[in-house]
Structure formats: C-alpha cells, structure tokens
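Geometric and topological summary
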Amino acid sequence: MATPVSIVKCQNYDENEVLKAIQQSVDLIGGIHAFVKRGDRVLLKPNLLYGKSPEKAVTTHPAVVKGVIQIVKEVGGIPFLGDSPGLESAKRVTEKAGIKTVADSLGCPIIEFNRPVLPPGRQGKVFKNIEIDQAIFEADVIINLPKWKTHGQMLLTLGIKNLFGCVPGTRKALWHIKAGEDHKLFAQMLVDIYCLIQPSLTILDGIVGMEGNGPNSGQPIPLGLILASSDPLCLDQIVCDLIGIPWKSLLTNRVAFEQGLGKGGVVAVGKSIEEVKIKNFNLPSFQRIDWNLPGFIRKPLKNAFDSKPVVNKEICKECNQCIKFCPPEAIKANKKGLIFDYGKCIRCFCCQEICPEGAIIIQPGWATKLIGGKLKIESGMV
Ligand code: SF4
Ligand code: SF4
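Bear in mind the structure is a predicted one, so any value in this text is a computation, not a measurement.

Moving on to the pattern of salt bridges. The final tally for this structure, using the stated rule, is 13 salt bridges. With its nearest N and O atoms 3.0 Å apart, the salt bridge here joins R92 to E95. Placement of the pair is R92 and E95 together in helix α3 (residues 90-96), with a separation of 3 residues, close to one helical turn. On the accessibility criterion, E95 (36% relative accessible area) is partly exposed. In the salt-bridge network here, residues are joined through shared partners; they are K91, R92 and E95.

Attention now goes to helix α2 (residues 62-74). In an α-helix, one turn spans 3.6 residues, which is why side chains three or four residues apart end up on the same side. In a regular helix each residue adds 1.5 Å, so 13 residues correspond to 18 Å; α2 covers 18 Å between its end C-alpha atoms and thus fits that length. Judged by how many residues are buried, α2 sits mostly within the fold: 10 of 13 residues are covered. Listed as buried for α2 are P62, A63, V64, V65, K66, G67, V68, I69, I71 and V72. Residue G76 follows α2 closely and has a positive phi angle near 90°.

On to the site of ligand 1. Taken together, 14 residues lie around ligand 1, and C316, C319, N320, C322 and C355 are the ones closest in. Its atoms largely coinciding with the cavity grid, ligand 1 occupies the largest cavity.

Quick look at the packing of aromatic side chains now. What characterises a pair of aromatic rings is the spacing of the ring centres plus the angle enclosed by the ring planes. If you walk through the whole model with that rule in mind, you get 5 aromatic pairs. Relative to F186, the ring of F164 has its centre 5.4 Å away and its plane inclined at 85°; by these criteria the two rings are edge-to-face. One end of the pair, F164, is in the loop between β9 (155-157) and α6 (171-179); the other, F186, is in helix α7 (residues 183-197), with 22 residues separating them in the sequence. Ring centres 6.1 Å apart and planes at 50° place the aromatic pair W247 and F257 in the tilted group. Here W247, found in the loop between α8 (232-243) and α9 (251-258), pairs with F257, found in helix α9; they are 10 residues apart in sequence, far enough to count as distant. In this arrangement the basic side chain of R41 is found over the ring face of F80, its NZ or CZ atom lying 4.3 Å from the centre. Here K178 stacks its cationic end above the ring of W175, 4.9 Å away from the centre of that ring.

Bringing the site of ligand 2 into the picture now. Neighbouring ligand 2 are 13 residues, the closest being C326, C345, C348, F349 and C351. When atom positions are compared with the pocket grids, ligand 2 is found to occupy the second largest cavity. Counted by class, the shell around ligand 2 contains 12 nonpolar, no polar and 1 charged residues.

This part is about the nonpolar core. Membership of the largest hydrophobic core comes to 39 residues, with the highest contact counts inside it found for I22, V36, I143 and I203. Within the residue set of this core, elements represented by two or more residues are α1 (15-27), β2 (41-46), α2, α3, α4 (99-105), β7 (141-145), β10 (201-211) and β11 (219-229). In terms of residue count, the dominant contributor to this core is α2 (7 residues). Beyond its immediate sequence surroundings of up to four residues, V36 is in contact with V42, V72, V75, G77, V141 and I143. Ranked by size, the runner-up nonpolar core spans 31 residues in total, among them I132, A139, L163 and A187.

The next thing to look at is the environment of Q123. Summarising the element assignment, Q123 is placed in the loop between β5 (116-117) and β6 (132-133). When neighbours within four sequence positions are excluded, Q123 is seen to be in contact with K128 and L196.

For the chain, the assigned domains are domain 1 (3-276) and domain 2 (295-379). Counting each side, the surface lost to burial between domain 1 and domain 2 is near 1,800 Å², with a carbon and sulfur contribution of 57%. The largest share of the area that domain 1 buries against domain 2 comes from L87, E181 and N213, three residues that together contribute 28% of it. Here the side of domain 1 that touches domain 2 gets 3 residues from one element, more than from any other, and that element is α6. Among the residues forming the side of domain 1 that touches domain 2, the class breakdown is 9 nonpolar, 12 polar and 2 charged.

Let us now look at the layout of surface pockets. Quantified by volume, the largest pocket comes out at close to 500 Å³. Residue lining of the largest pocket: 29 residues in total, with P85, G86, K172, F325 and E353 positioned closest to the centre. Secondary-structure elements contributing two or more residues to the lining of the largest pocket are β8 (147-151), α6, α12 (321-325) and α13 (350-354). In terms of residue class, the lining of the largest pocket is made up of 11 nonpolar, 11 polar and 7 charged. Viewed by domain, the lining of the largest pocket spans two of them, domain 1 (3-276) and domain 2 (295-379), each represented by three or more residues.

A word on empty space enclosed by the protein. Evaluation of the coordinates by the stated rule reveals 3 cavities of 30 Å³ or more. What the largest cavity holds in volume is close to 90 Å³. Contributing to the lining of the largest cavity are 14 residues, with C316, C319, C322, L338 and C355 lying nearest its centre. Looking at side-chain class alone, the lining of the largest cavity contains 9 nonpolar, 2 polar and 3 charged residues. Forming the walls of the second largest cavity are 14 residues, and the residues nearest its centre are P309, C326, C345, C348 and C351. In terms of residue class, the lining of the second largest cavity is built from 13 nonpolar, no polar and 1 charged.

Rules and cut-offs
Residues numbered from 1 in each chain as written. Chains lettered and ligands numbered in written order. Predicted model: local features only at pLDDT ≥ 70, side-chain atom pairs only at ≥ 80, totals over all residues. Heavy atoms only, no water. Salt bridge = Lys/Arg side-chain N within 4 Å of Asp/Glu carboxyl O. Helix = DSSP H or I, 4+ residues; strand = E, 2+ residues; numbered from the N terminus. Buried < 20%, exposed > 50% of the residue type's maximum accessible area, 1.4 Å probe, protein only. Expected span 1.5 Å × (residues − 1). Near = heavy atom within 4 Å. 1 Å grid on protein atoms, 1.4 Å probe; cavity = no way out; pocket = protein on both sides within 12 Å on 5 of 7 lines; lining within 4 Å. Sits in = over half its atoms within 2 Å of the grid points. Phe/Tyr/Trp six-rings, centres within 6.5 Å; stacked < 30°, edge-to-face > 60°. Lys NZ or Arg CZ within 6 Å of the ring centre and 35° of its normal. Nonpolar A, V, L, I, M, F, W, Y, C, P; charged D, E, K, R; others polar. Core = buried A, V, L, I, M, F, W, Y, C linked by side-chain atoms within 4.5 Å. Contact = heavy atoms within 4.5 Å. Domains from an automatic or database assignment. Buried area = accessible area lost by both parts, 1.4 Å probe. Points joined across faces, edges and corners; volume = space filled by probe spheres on them.

Given below as structure tokens:
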C-alpha cells in the first residue's frame, strides 16, 4: 500500500494556526494516537544547524516545535528534544532560535547529542559502524522535524538529511572524510542512518523555507506548507514533486531506490500537488558529474565541471570557523584571505554550510556554466 504524505496549508507562524495545521497534517495520516501512546518517551529531532533567529529560516520554527510538543503531551507522551548542531551546543542554538523558551514553558527538556554508540543489533547496508547518539535508542518514538531548505552538497535538506544530526559532534566530519568526494556514497551513508533510526513520524516545516545558498545563508521563502508522513523517504519525494524536479534529483532518493526502498509507492493526501505547487524554487548552483571514467581522465575534468566553494572577501570576517571545520583541512588563510586547496577539497560544502556570514558560495565549474547550470537537475542526474 502506498505511504501517505499529508500536505496542509499554513500561511504564517501564528501559534494557533500552526497547531491546527500540525494536527490536521497528522490526522490525515492516522492521527497522533497511531504514533504515540501514553507514557512513551518521545524524542523530537528539529533542524538546529546554527543559532539564528527564526526569521532567517535556518532552524525549525519554534511555533512548529511548540505545536508538536502540545500534540505529543495531549496523548500522554513525554517529549524531549535533542540534536548535535554544527558549531554550538543544542542549548545555545535553541536559545538563539527561540526554541528553548517554548520547550521550557512546556516542560520539554533539551539534550545534547554527545553519547555516540553503535546501534544495538542494527547495521547500515554499506556503512557498518556508524555511531548514533544513545538518546535515539532510549526513545520509544522519534519525531523528525526537518526544515525545508536547499543544501549545497545534497541539493535539499529535508526528512532524510535532517537525521544526520543524530550523529554526535565531531564524528560528522569523520563521515564526510570517509565518504570523500563521492556524493553518492555520502547519500548512501544518509540512507543507512535513516534505516538505522527509523523515525516514526516526520513533520516538515515548510511554512517559510530557504532557497538559494542554503542551508545557512540562503533566502527565506514563504511556501505556506506543513507536510507529514510516517516515512521521510516518501515525504522527500513529495517535496520534489512540489518543486517540479525528478525524485532521483535527490541522491538520497536515488540510493534508496537502488537498494529497493520505497517500492510501496507514495500518495499525497490533503491538498493536491497541483493545488500548492511551488513555482521557480531557486535551487543551489550545485553541479557535479558522476564520471564513470578512469581517474587520470576524470581529474583534469573535475575543476572544469564540478562546483567548488569560493569566498566573497568583502563579506568574510576572517573568523576562521571554516578553516577549523573543513574535514580534509583544505582551507588556509594568509594575508590576502582564504586559500582553498581544490585538489584536497572533497566538495562536502561544510564550509559554506557553517560560515556565519554567508561569505562562501558554491560556484559551478567553468565548463558547467557553459553548458547550462540546470542541465542535470532537469534530467535527474544531479
Ligand atoms: S567562516 Fe566565513 S567569515 Fe569565517 S573565515 Fe570562513 S568565510 Fe570568512
Ligand atoms: S573546502 Fe569546503 S567544500 Fe572543500 S572540503 Fe573543505 S569544507 Fe568541504
């Protein structure tokens, strides 16, 4: 049977409107009772990438977190909230993002993901020893609360990508290095994490999303939608439909399909896709070609075609966060500013993701610019 993904309109972050939209979106897929029982310990996993105010659309909006805490408590669930943000603690990010105030007011504790463990009795298909935070395995129910945003490396960050935050702290950089330059391998790791965690419910904050240079420095864009599903893989497919790109444009979708996931199909319920389709959603200028060529031919073509991070010196505040964060140490600073070693760079775009000033942009290779930036997205080859 096809997995339902509910689509509900919600035009702003008025708390009552958001609560109503969340209730409706969950009712359309079976109701909160189908996911949470009295006494369940319910872990909420929002997107806490970086501590910015809610208007910047970097983090899941506090009104969405509040609404979900309320519906969980209504059925006797015991909510708690956690994540492993990029640079700061979860406590600090939630303070800046307005989430701590609502969590505190409803008695929902916030925890740091800093206890890595190997998932008991479970293994990824390809990545056999991914350590996930212990809190995941202490919860009876996991509710995944992603934000609808563009992403430099993965094109979009939605239901599946949001779960990468369940890998504690510095281990995330390690996994970037392990996947290396191979974005499909990185997507495989995300799919392995999704299979290990198996969230019960995913509710996407698409009331105001982010387009362009996401996930930290793009433009907030009003989308007016809440989506919910028991399966983030299905939810991610419906978002692709809503912005009019092929499902396989998302590497996580492509990897999941190749290993036989998602065969049951997906169906939109609530609003139809045609009713709420998003026109001209601005995707990042992410371009990468999966060269099935020997290394000695591929290497010279890499810089011509693959996108790369570049710094806008006028915006850069020389805080050196990107240097500290770059997994393969491909960035250095001298008197003239930042220097990228593109031979070492694995195109993970962590630097672009983490820069607090939005000073790093993703620039397509010169040859890609010549043949047209959107080519592979349109043909589903990203
Ligand atoms: S993180 Fe951003 S502002 Fe800081 S040094 Fe890097 S580019 Fe400059
Ligand atoms: S320079 Fe940026 S994109 Fe390249 S490896 Fe370092 S963090 Fe990743």
